[in-house]
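Below are the chains, spelled out letter by letter.
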Amino acid sequence: MSEESAKAGVDPAEVAKFEAMAAEWWDADGKFRPLHMMQPCRLGYAVDAIAATHGRDPRAKQPFEGLSLVDIGCGGGLLSEPMARLGATVTGVDPAEANIAVARLHAEQSGLDIAYRAARAEDLVAEGPRYDAVVTMEVVEHVPDPAGYIASCAALLAPGGVMVLSTISRSLKALALAKVGAEYLLRWLPVGTHDWNKFIMPEELTEMVAKAGLEPRDAVGFVYNPLSGEWHVSETDLSVNYAITAAKRSE
């Protein structure tokens with residue numbers, strides 16, 4: 001991968017890191033265990049945000065029927081698949097070829113029609129498609145130019161569309177829990193998965209979203225309860241994992 005590609009929104013070292021773990025995407029007890037644990041929480045939030053923006057009932061059998069959605073940094077398809085089951089026409093994009101291979105195989109085995117591509121957000125922007133929803137979860141902390149990356153994701157939204165993105169706050173609490181705790185103590189993640197210096201404060205991410213031409217609408221935290229072993233959405237605690245919803249004005 002060229003230096004130009006890296007500057008545009010892909011860090012070759014980060015891509016290689018996740019390609020090395022690609023075979024474990026669907027192993028709930030493997031290296032992606034934290035994402036599987038957080039899945040009900042982050043999926044529920046994303047579904048509610050998209051449904052609210054487009055006037056859909058999230059309790060319906062296929063509330064996203066007729067909507068187009070792109071999952072940027074889709075990995076093995078952990079979010080792409082449930083979005084397809086909810087009726088959305090889903091495109092999953094990831095720069096790691098190995099991730100896409102795993103995602104395609106799992107979707108095929110699950111009987112789901114998802115358009116997976118080994119590509120970057122910038123590649124899609126150049127091609128011109130626009131989507132009703134963009135989701136990019138746990139990705140922005142791995143790219144070399146977060147503001148440029150968010151601008152590319154925003155450019156993929158159709159008027160009236162919504163973007164849901166999540167990341168980790170650059171706080172001391174996040175350093176203790178998401179870095180030291182998750183990687184060194186609990187061994188939930190391989191050591192080196194995250195770089196605390198690349199974590200982004202909520203106010204910084206909100207500013208990037210606004211500069212990309214979107215209207216920030218909501219920000220929540222994803223909080224882990226060590227007693228129950230479950231995650232929940234918090235309206236007040238954005239100190240570690242958190243998500244932001246932003247919309248593109250209708251023309």
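In what follows, the structure referred to is the one given above.
Cut-offs used in this document
- Residues numbered from 1 in each chain as written.
- Predicted model: local features only at pLDDT ≥ 70, side-chain atom pairs only at ≥ 80, totals over all residues.
- Heavy atoms only, no water.
- Pairing = 2+ DSSP bridges.
- Helix = DSSP H or I, 4+ residues; strand = E, 2+ residues; numbered from the N terminus.
- Buried < 20%, exposed > 50% of the residue type's maximum accessible area, 1.4 Å probe, protein only.
- Contact = heavy atoms within 4.5 Å.
- Salt bridge = Lys/Arg side-chain N within 4 Å of Asp/Glu carboxyl O.
- Arc of directions from axis to C-beta.
- Axes fitted to C-alpha atoms, helices over the stretch in contact; angles between N-to-C directions.
- Parallel < 35°, antiparallel > 145°, perpendicular 65-115°, else oblique.
- Left-handed = near helix turned anticlockwise from the far one by under 90°.
- Nonpolar A, V, L, I, M, F, W, Y, C, P; charged D, E, K, R; others polar.

(A) The arrangement of the pairing of strand E6 (residues 215-225) in detail. As judged from the seven bridges shared by E6 and strand E8 (residues 241-247), these two strands associate in the antiparallel manner. Its bridge partner lying in E8, Glu215 is registered against Ala247. With five bridges connecting them, E6 and strand E7 (residues 230-234) associate as antiparallel partners. Residue pairing for E7: Gly221 is matched across the bridge by Ser234. Hairpin remark: E6 followed by E7, antiparallel, with four residues in the connecting loop; positive phi at Gly229, about 75°.

(B) Region of interest: helix H7 (residues 146-155). Those residues of H7 that fall on the buried side of the exposure criterion are Pro146, Tyr149, Ile150, Ser152, Cys153 and Ala154. Elements that come into contact with the buried residues of H7 comprise strand E1 (68-72), helix H6 (121-127), strand E4 (131-137), strand E5 (157-168) and helix H9 (202-211).

(C) Looking closely at the pattern of salt bridges. All told, the structure shown has ten salt bridges when counted by the stated rule. The partner of Arg42 in a salt bridge is Glu138, with the nearest N and O atoms 2.4 Å apart. One end of the pair, Arg42, is in helix H3 (residues 33-53); the other, Glu138, is in the loop between E4 and H7, and 96 residues separate them in sequence. Owing to a relative accessible area of 14%, Glu138 belongs among the buried residues under this scheme. A salt bridge links Arg59 to Asp57, with the shortest nitrogen-to-oxygen separation between them at 3.2 Å.

(D) Examining H9 more closely. Among the residues of H9, Pro202, Leu205 and Val209 are the ones counted as buried. The buried residues of H9 occupy one face: seen down the axis, they fall within an arc of 65°. Summarising the geometry of H9, the exposed residues directed more than 90 degrees from the buried face are Glu203 and Lys211. Where H9 is buried, its residues contact H7, E5, E6 and E8.

(E) View of the sheet that holds E6. The strand order across the open sheet formed by eight strands is E3-E2-E1-E4-E5-E8-E6-E7, and the pairing between neighbours is mixed. Edge positions in the sheet fall to strand E3 (115-118) and E7, since each has one partner strand and no second. In this sheet, adjacent strand axes meet at a mean angle of 20° when their direction is disregarded. Examined bridge by bridge, E4 and E5 share six bridges and lie parallel to one another. Bridging across to E5, Ala133 finds its partner in Val162. Sitting on the sheet, helix H5 (residues 97-109) is in contact with strand E2 (89-94) and E3, with an inclination near 165° to E3. The strands touched by H9 within the sheet are E5, E6 and E8, with E8 carrying the most contacts at an inclination of about 20°.

(F) Structural view of the packing of H7 against H9. Axis separation between H7 and H9 bottoms out at 9 Å; the angle between their running directions is 45°. Considering the angle they form, H7 stands oblique to H9. In this structure, H7 meets H9 at a crossing whose hand is right-handed. On the side of H7, the interface is formed by Pro146, Ala147 and Ile150, while H9 contributes Leu205, Met208 and Val209. Its residues assigned to classes, the contact of H7 with H9 comprises six nonpolar, no polar and no charged.

Coordinates in, geometry out; function isn't part of it.
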